[in-house]
Structure formats: structure tokens, C-alpha cells
2 protein chains.
Amino acid sequence: SFSSMDPQIGRPRFTDFPHLSAPHRDLMVQLVSTVETRLSSHLLPSSLPPDVEYYQNETASSQGTLHIRSAHPDSPVDFILGSWLYCTTPTGSLNVTTLTAYLNSKTDAPRLLMEFLQTGPTSMILILDLPPRRDMVLHKDYLQHYYVDPNLDHLRQRLQILPEVQPYFASSLYIRCALSPAAVSVVISCRAPDRMEEIMRDQVSSVAKEMLEIWLERCARGGVEFGEGEREVLEKRDRLIKESTVEIDLRSSLPRLFGEEVGSRVIGAIKEAFKL
Amino acid sequence: SFSSMDPQIGRPRFTDFPHLSAPHRDLMVQLVSTVETRLSSHLLPSSLPPDVEYYQNETASSQGTLHIRSAHPDSPVDFILGSWLYCTTPTGSLNVTTLTAYLNSKTDAPRLLMEFLQTGPTSMILILDLPPRRDMVLHKDYLQHYYVDPNLDHLRQRLQILPEVQPYFASSLYIRCALSPAAVSVVISCRAPDRMEEIMRDQVSSVAKEMLEIWLERCARGGVEFGEGEREVLEKRDRLIKESTVEIDLRSSLPRLFGEEVGSRVIGAIKEAFKL
């Protein structure tokens, strides 16, 4: 069970999600718990230092947690990475919650990406995807197996029919390239916070859980046979994605929100997991 | 100048666009004329037989034209392909107008794709893109040069701000994979036909012309240095796209709309241009 505070040092843990609405917190706890239970035989304990597991800026107006668990060397899982950020700004608050999983080159299966970016109680950018690790124009069988056969696009469609939901186009074209064609990439804009909570509980929750289930069943088990040179292309592709995540997502935000020292420390820990 | 009928046989030509609204016809005539003028030193005359240049079903409720001009062997242009289809159905009419250009493996530059799919006088699916010929997750410099530097996404944004314009998700995930992250892929839904004509004249026209200009300046001139094995990957990728265009776009529609014999004849001519 998750306590709301670490009793030893009185600061929130990753799985506390202290700044989320109840339905959102319930969802995150269930997603993290599902991944860690189902992959329990793969995952090693976290080895992050405490000042990376939880960090804040000088005035504590920005808070963040990082949660990384690497996997055994014989697992197709490389590591799982979860985090939340909470920042109060003059105009409101920013709340970013992430759950991702990376696979190694024992498999070419898609990775897992779940990102909830709240810019206020009535507005959220939601990205749920199994980002591909192959060029699917060249590898149609890959598209068929991981996206068409499990009807991943149906999950996107279930959210898209809500009047509060609009497609979201990331400002970075590279980030758009990295997503699958069935990615849930949407903005949810509600008139009132309770409607946002309702959508989280009634629609987003089931879509996120079903996508996670597809990933656990179809991707996290690994298995692939590579042609000559294909593993090298896969590893290069994976590395470029990780480098871009650091450059586009992290370097542009963490030092600004937490100061240079804290930002560098957290980015350093992520780069270590990324083997960059 | 374009006559409205071929005087010898009394049937419409490709550049007549007899079933389009005036602003839409003007746009198509200008796009085709711009491509053919600017590439005039590259392009050979059309060599299609008359029964492929214009075709119809038995009752003439479906009509179509095909326009293909191959290029000189030393040009980076492979060929340009234009077409329009007009079909009356019990519930209304379908009007598909296309202008595409394919490059050969002297260059890896993006090709040109412009498709206007009208399901009625107030509703249109519009796809304008420079579809990439590389995996841009691997080739970030390609993304930078052809999409970021000319700010292609700005064209998409200019249409997207109109309240009548919504993002369009092709039902085929493969077709979505083949588009660039800056593709204009939208549905335009208007309350009245004159508003559709207004949008065609005031917004779509300039967006399409600017995209064509970027393609003519940046892509159609060719030029690339390939690493070892890269040309083979490019040629394989191009071939897969062409095969999918035949399978997904053509085989599912032309025989149904025009009968098996006419459909096969037209698909055969396109496959010949595609070298399939």
C-alpha cells in the first residue's frame, strides 16, 4: 500500500501523486502497480539516490519525483521510468505525470509511453502510445501485428468521439514522427473540473489500461529474429529517440523549473538509464 | 488554354475538371499548369491510350481521367500523375481530384501528394503533403531540411484555425504512416456550398500553392549522396508505397465504381508508371 508521505523524511513518493485528482491518482496507481506486478520477475529494485527520487527548487514551488527500475540482463525489458512534476506558476499550475517503458534490442517490439500534462484543472494534454521501433512503411508486418491486429486505433477513436477531446499536435515534428499512427495524442478541455474527473474515470482510465494490457501481452514478452544489420538500425533508432527525449523534453524544461543544479542531476540520472 | 471538351471525341479532358466548383477548378488548373511549366524541360508527352485518359462505366454514372507524364531518364523526377473521378451515387456524388509527383532514386527528396476528396458540395477531405522517403526518426537532418526549415507545419496550422476544418485520420494506418508529420490531412465541413468555395479560394488555394512551391524549389531539383545500401532501402520503401497505393486506394475502388474491365485497364496503366 502507498503511504501519502515517506515517514522518514516527510516528502512525497512517486506513487503518492499528491497533486492529482482522485480519479487521475487512482489510474496512475493502478497503471504503475499493474506494470510492476506483471513485470515483477524482470525488474530490479530502484537504485536512484533520494535527491533524484524526489527533488524541488529552492522555494519548493516546483516539485518532482523520478522512479526508474532496470530489468535483469536476460529480460527484453530495459527499464521502466515513471515521474511526476508539479509546478506552481504565477498563472496557475503545471502537473506532468509520466509512465514509460523501454525495451532492449532482444526485441523490436514497441515501447510504452503514457504522458498526462495538466495545465489546469479543466485542461489536459494526453499522450498514450506504443511508439514503434521500426520504420513501418518498410515493415508492414510490424504495423499489422502491433497496431492493426489489436485494433489500437479503436482506443483513440473512443476518446475522439467526446466533444471535449481534440487531436493534439506536438510542436516538435520529431516527437510527432516518433509516435505511432494510432497514438492517442489529444487535448481534453472541459468547462468544469468535475467533468475532467468524470472523463478520467469513465473514458481515459479504461483506454489507458487497455493499451497497457496490449503492451504487456504483445510487446513486453519480447521475441524477434533480426536480419543482418537490423539490430544495429534498431539500436541507432532507439538511441536517437532517447537523445531527442533528453534534448527536446528535458533540457528545455527541468533546469528552467528546478534550477541548473537540480535539473542537471535529474537529467544525469535519466541519461544513465538511457545509457547516453 | 483548356477547352471544355475534346472536339474530336466530345469527352472531357483531365484539365477540364468539369465537375468542380469554379474556385476548385481554378486551383487545380493552376497547380497542374505550374508543375508542367516548371518541369517542362523534364517531362515527356503523355503516352496513355485514349481509353485510359478518359474512362467511364457502362451507364456513364462514373467518369474518370488519368494524366501521366514520365520524365527524361536523367531527371530526378520519375513522373507526375494527375486524375479526377466523378461518380453519382443514389445518395449524392463523389468527386476525387489528385495531383502527385514521384521522384526516382537519384534523390531521396520527398514526393508530392495533393488529394481532394469531395463527398458533396459542403464536405471535403483534403490531403496535401510532401510524403517523406526516409525514416525521419533515423534521419533527423532530413526532417530538418524538408519540413522544419521551410516551416511546412505553418501551412497546416493556417487551415486548422478555421472552425470548419478538423483533422482527418485515414482509416488505413499504413496511409497514415506514409504521410509526413506536417501533412495537411483534414476534413472541411461547411454549412453551405458558397462557404466551401470561399475556403477553397481564400485559404486552401494559397496553402496548396505554397506547398507546391516548396516542393518545386526544395525537392524536384534532386541531389543526394547515398551511403552504402541506402539507395536499396529507398527503392524498397518507394516500391512498398506504390504497391500499397494500388492495393489500398485503387483495387478497392476502381473496379467497384467502373466495372472490372475498366478498373483493371486503369490500374494496369498506373502499375506501368509505378514499374510494378
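Keep in mind that what you see is a predicted model, and the values were worked out from it rather than measured. Numbering of residues begins from 1 in every chain and follows the order in which that chain's sequence is written. Chains and ligands are labelled sequentially in the order written, the chains with letters from A and the ligands with numbers from 1. Only residues with pLDDT of 70 or above have their local features reported here, since the model is predicted, and side-chain atom pairs are shown and tallied only from 80 upward, although totals for entire chains, interfaces and linings are computed over all residues. Based on all heavy atoms of the structure, the side-chain values leave hydrogens and waters out of the count.

Re the relation of the copies chain A and chain B
- To superpose the copies, least squares is applied to the C-alpha atoms of every residue with a pLDDT of at least 70 in both. Placing chain A over chain B gives an RMSD of 0.0 Å and needs a rotation angle of 180 degrees, together with 0.0 Å of translation along the axis. Considering both components of the superposition, the chain copies are consistent with a two-fold axis. Taking C-alpha positions as the reference, the residue of chain A nearest the rotation axis is Asp135(A), at 2.9 Å.
- Any pair of residues with heavy atoms lying within 4.5 Å of one another is described as a contacting pair. A share of 100% of the interface residues of chain A reappears at the interface of chain B, consistent with the copies meeting face to face through the same patch.

Overview of the confidence of the model for chain A
- Per-residue confidence from the predictor is given as pLDDT, running between 0 and 100. Confidence in the prediction of chain A, expressed as mean pLDDT, is 94, and 97% of residues score 70 or more.
- For this predicted complex, the interface confidence reaches an ipTM of 0.93, while the overall pTM sits at 0.94.

Re empty space enclosed by the protein
- For each structure, a 1 Å grid was placed over the protein atoms alone; sets of points admitting a 1.4 Å probe that cannot get out are labelled cavities, open sets with protein on both sides within 12 Å along at least five of seven lines are labelled pockets, and lining residues have an atom within 4 Å of a point. Grid points are joined across faces, edges and corners, and a volume is the space filled by probe spheres set on the points. Applying the stated criterion to the full structure yields three cavities of 30 Å³ or more.
- For the largest cavity, the calculated volume is near 820 Å³.
- Along the wall of the largest cavity there are 41 residues; nearest its centre are Arg176(A), Ser180(A), Pro181(A), Arg176(B) and Pro181(B).
- For the lining of the largest cavity, the elements supplying multiple residues, two or more each, are helix H4 (153-160), helix H5 (173-178) and strand S8 (184-189) of chain A together with helix H4 (153-160), helix H5 (173-178) and strand S8 (184-189) of chain B.
- Three classes are used: nonpolar for Ala, Val, Leu, Ile, Met, Phe, Trp, Tyr, Cys and Pro, charged for Asp, Glu, Lys and Arg, and polar for all others, with Gly counted as polar. Taken together, the residues of the lining of the largest cavity sort by class into 25 nonpolar, six polar and 10 charged. Every helix listed is a DSSP run of H or I at least four residues long, and every strand listed is a run of E at least two residues long, numbered separately from the N terminus.

Here's the deal with the sheet that holds strand S2 (residues 62-70) of chain B
Residue and element names in this part refer to chain B.
- DSSP bridges decide pairing: two strands pair if at least two such bridges lie between them. Taken in spatial order, the eight strands line up as S1-S2-S3-S4-S5-S6-S8-S7 in an open sheet, and their pairing is antiparallel. Each having just a single partner strand, strand S1 (54-56) and strand S7 (165-167) make up the two edges of the open sheet. Strand-to-strand twist in this sheet, taken as the mean axis angle between neighbours without regard to direction, amounts to 15 degrees.
- Across 12 bridges, the pairing between strand S3 (residues 77-89) and strand S4 (residues 92-103) is antiparallel. Directly across from Gly82, in S4, lies its bridge partner Leu99. For helices, the fitted line uses only the C-alpha atoms of the stretch in contact; every axis is such a line through C-alpha atoms, and the angle between N-to-C directions lies from 0 to 180 degrees.

Brief notes about the interface of chain A and chain B
- Facing the 27 residues of chain A at the interface are 27 residues of chain B.
- When the buried surface of chain A facing chain B is broken down by residue, Val137(A), Leu138(A) and Leu173(A) rank first, second and third, together holding 26% of it.
- A pair is scored as a salt bridge if a Lys or Arg side-chain nitrogen falls within 4 Å of a carboxyl oxygen belonging to Asp or Glu. Its salt-bridge partner being Arg176(A), residue Asp153(B) comes within 2.7 Å of it at the nearest N-O pair.
- Here a polar contact is taken to be a pair of N or O atoms separated by no more than 3.5 Å, where protein atoms must pair a possible hydrogen donor with a possible acceptor and residues adjacent in sequence count only if both atoms sit in side chains. Inspection of the chain A/chain B interface yields 10 residue pairs in polar contact (both at pLDDT 80 or more).
- Those elements giving two or more residues to the side of chain A that touches chain B turn out to be helix H3 (140-148), H4, strand S7 (165-167), H5 and helix H7 (230-250) of chain A.
- Broken down by element, the side of chain A that touches chain B gets its largest block of residues, six residues, from H7(A).
- Tallied by class, the residues present in the side of chain A that touches chain B amount to 17 nonpolar, three polar and seven charged. Note on terms: buried area is the combined drop in 1.4 Å-probe accessible area of two parts once they are placed together, counting the loss on both.

Some details on the packing of aromatic side chains
- Under the pairing criterion, centres of Phe, Tyr and Trp rings, with the six-membered ring standing for Trp, must be within 6.5 Å; the plane angle then separates stacked pairs below 30 degrees from edge-to-face pairs above 60, leaving the rest tilted. Applying the stated criterion across every chain yields a total of 12 aromatic pairs over all chains.
- Three or more aromatic residues joined by ring pairs form one cluster here, namely Phe79(A), Tyr102(A) and Phe274(A).
- Charge-over-ring placement is defined geometrically: NZ (Lys) or CZ (Arg) within 6 Å of the ring centre, and within 35 degrees of the ring normal. Seen from the ring of Phe169(A), Arg156(B) lies directly overhead, with NZ or CZ sitting 3.9 Å from the centre.

Brief notes about the side chain of Ser205(B)
Residue and element names in this part refer to chain B.
- For Ser205, the position within the fold is in helix H6 (residues 193-218).
- Using a 1.4 Å probe on the protein chains alone, a residue whose accessible area is under 20% of its type maximum counts as buried, one over 50% counts as exposed, and one in between counts as partly exposed. Judged by its relative accessible area of 10%, Ser205 is buried.
- Excluding its chain neighbours within four sequence positions, the residues that come into contact with Ser205 are Leu27 and Met200.

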